[in-house]
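# Structural features, examined
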Amino acid sequence: MATPDLSPAHTAAPAYPASLQSQLFQYVMQLADTSLILAHRLSEWCGHGPILEQDLALSNIALDLLGEARSYYQYAAELEGQGRTEDDLAYLRSAVEYRNPLLVEQPNGDFAHTVLRQFLFDVFHYELLIGLQQSPDARLAAIAEKSLKEAAYHRKWSAEWIIRFGDGTAESRQRLEKALRSLWRYAAELTAATPVEQALQDAGLAPDYADIQAKAAAYVAHVFGEATLPVPNEAFAQPGGKLGRHSEHLGYLLAELQYVQRSYPGLTW
Amino acid sequence: MNNSEWPLWEVFIRSKQGLDHKHVGSLHAADAAMAMQNARDVYTRRLEGVSIWVVESKHIHASNPDEAAEFFDPAADKVYRHPTFYDVPDSIKHM
């Protein structure tokens, strides 16, 4: 990642009490991991997209998320203040140290599966960034403001495809329904607050999940309505990723993601 | 899914306010909404545009190359149709 620093204008990290600073570090790492892992999954489509135009669309989204992840990792490195760099944080941790929700590490499957995973994330991501824009933490607010325009387009893109799949042909609908059966259980984790997230919300630095959850659910219902697709009422939810309990998929993903940095530590080009 | 290809669309991008849309290429899409999104993703990745037009290629009717002589050659010796006999003030841009 030896490219120019594109992070928002550098602002000195405000002085927080030590415990809150540590929780903010963990929270920013969670945001960074989430965007990085999803960016990597999307980048796996590069050269394999269903058509050239969508291959590019997927790569564009991957690059947006990677840029967002970099901004978070850079901020996290400063918050931690232990001399670790964004590359150390992104590439040199083990799977149990990653704090991304399970949804984003799920394999791509077919295009419908990827689109649904993206849609469930985009709906949450969009509302989260709107909330984070109001954070009194100037750095978080700046990153959110920059990323929101990208997230708004991601949501438009994935919502459009949900409608096409749901209200398309018998096969497209069947593929989307299949994806729903395997992915819906991971959606609830996005807005289930961990102790760290709760602490950030209590401190007023992160937006309240109840509000985000309500807005996200309303948008999902709206788009599913357009897609003539019933919103699943499946109550079973599978959390764990945000606490470091991951599916087996993350290990394989990281093996590929970290390969170069592990094989040639500290390399640049 | 049937194997028929999505129709072809022509993409026009306006790079700056005040300039006109220019043809930049073509792409495949199922309908206008998808063509618009695809155009955004394929042709505006490097800050090329502020406005996009898409039109299905079948709606564009092209002149016949075989008729090029009668279409275009008669204009070749009518230099008086050019406005180059006027001095354009320096303050006028984009002429």
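Residues numbered from 1 in each chain as written. Chains lettered and ligands numbered in written order. Predicted model: local features only at pLDDT ≥ 70, side-chain atom pairs only at ≥ 80, totals over all residues.

## Some thoughts on the overall build of chain B
The line we're drawing: Numbering goes from the N terminus for both helices and strands, where a helix is a DSSP run of H or I of at least four residues and a strand is a run of E of at least two. This radius of gyration counts C-alpha atoms alone. The globule rule is 2.2 Å times how many residues there are, raised to the power 0.38. Each residue is classed by its C-beta neighbour count within 10 Å, where at least 20 other C-beta atoms makes it buried, 12 or fewer makes it exposed, and intermediate counts make it partly exposed; the C-beta atoms are placed from backbone geometry. Here, residue contact means that the backbone-derived C-beta atoms of the two residues sit within 7 Å.
Along the backbone of chain B there are two helices and three strands. Reading the secondary structure of chain B in the N-to-C direction produces β-β-α-β-α. Taken over the C-alpha trace, chain B has a radius of gyration of 19 Å; the compact-globule value for 95 residues is 12 Å, which it surpasses by more than 25%. With respect to the three principal axes, the spread of C-alpha positions in chain B is 60 × 40 × 15 Å. When each of the 95 residues of chain B is scored for burial, the buried share is 16%. For chain B, restricting intrachain contacts to residue pairs at least 6 apart in sequence, the fraction spanning at least 24 positions comes to 44%.

## Details of the interface of chain B and chain A
Tallying the contact residues gives 10 residues for chain B and nine residues for chain A. Contributing elements (two or more residues each) for the side of chain B that touches chain A: β2 (22–28) and α1 (32–43) of chain B. If you tally residues by element for the side of chain B that touches chain A, the top one is α1 of chain B, at five residues.

## Observations concerning the sheet that holds β2 of chain B
Residues and elements named next belong to chain B. Cut-off, in case you're wondering: One bridge is not enough; two strands pair if DSSP finds at least two bridges between them. Only C-alpha atoms enter the line fits that serve as axes; for helices the fit covers just the stretch in contact. Angles between N-to-C directions range over 0 to 180 degrees.
Strands sit in the order β2-β1-β3 across an open sheet of three strands; the sheet is antiparallel. Strand pairing shows two members of the sheet lacking a second neighbour, β2 and β3 (51–56), which therefore form its edges. Each strand of the sheet is rotated relative to its neighbour by a mean of 30 degrees, with strand direction disregarded. Bridge analysis of strand β1 (residues 8–14) against β3 gives six bridges, and the strand direction is antiparallel. Paired with E10 across the bridge in β3 is V55. Packed on one face of the sheet, α1 meets β1, β2 and β3 and runs near 130 degrees to β3.

## A few points about the confidence of the model for chain B
Filter applied, for reference: pLDDT runs from 0 to 100 and stands for how confident the predictor is about each residue.
Of all residues in chain B, 96% have pLDDT values of 70 or greater, and the mean over the chain is 88. As a predicted assembly, this complex carries a pTM of 0.87 together with an ipTM value of 0.77.

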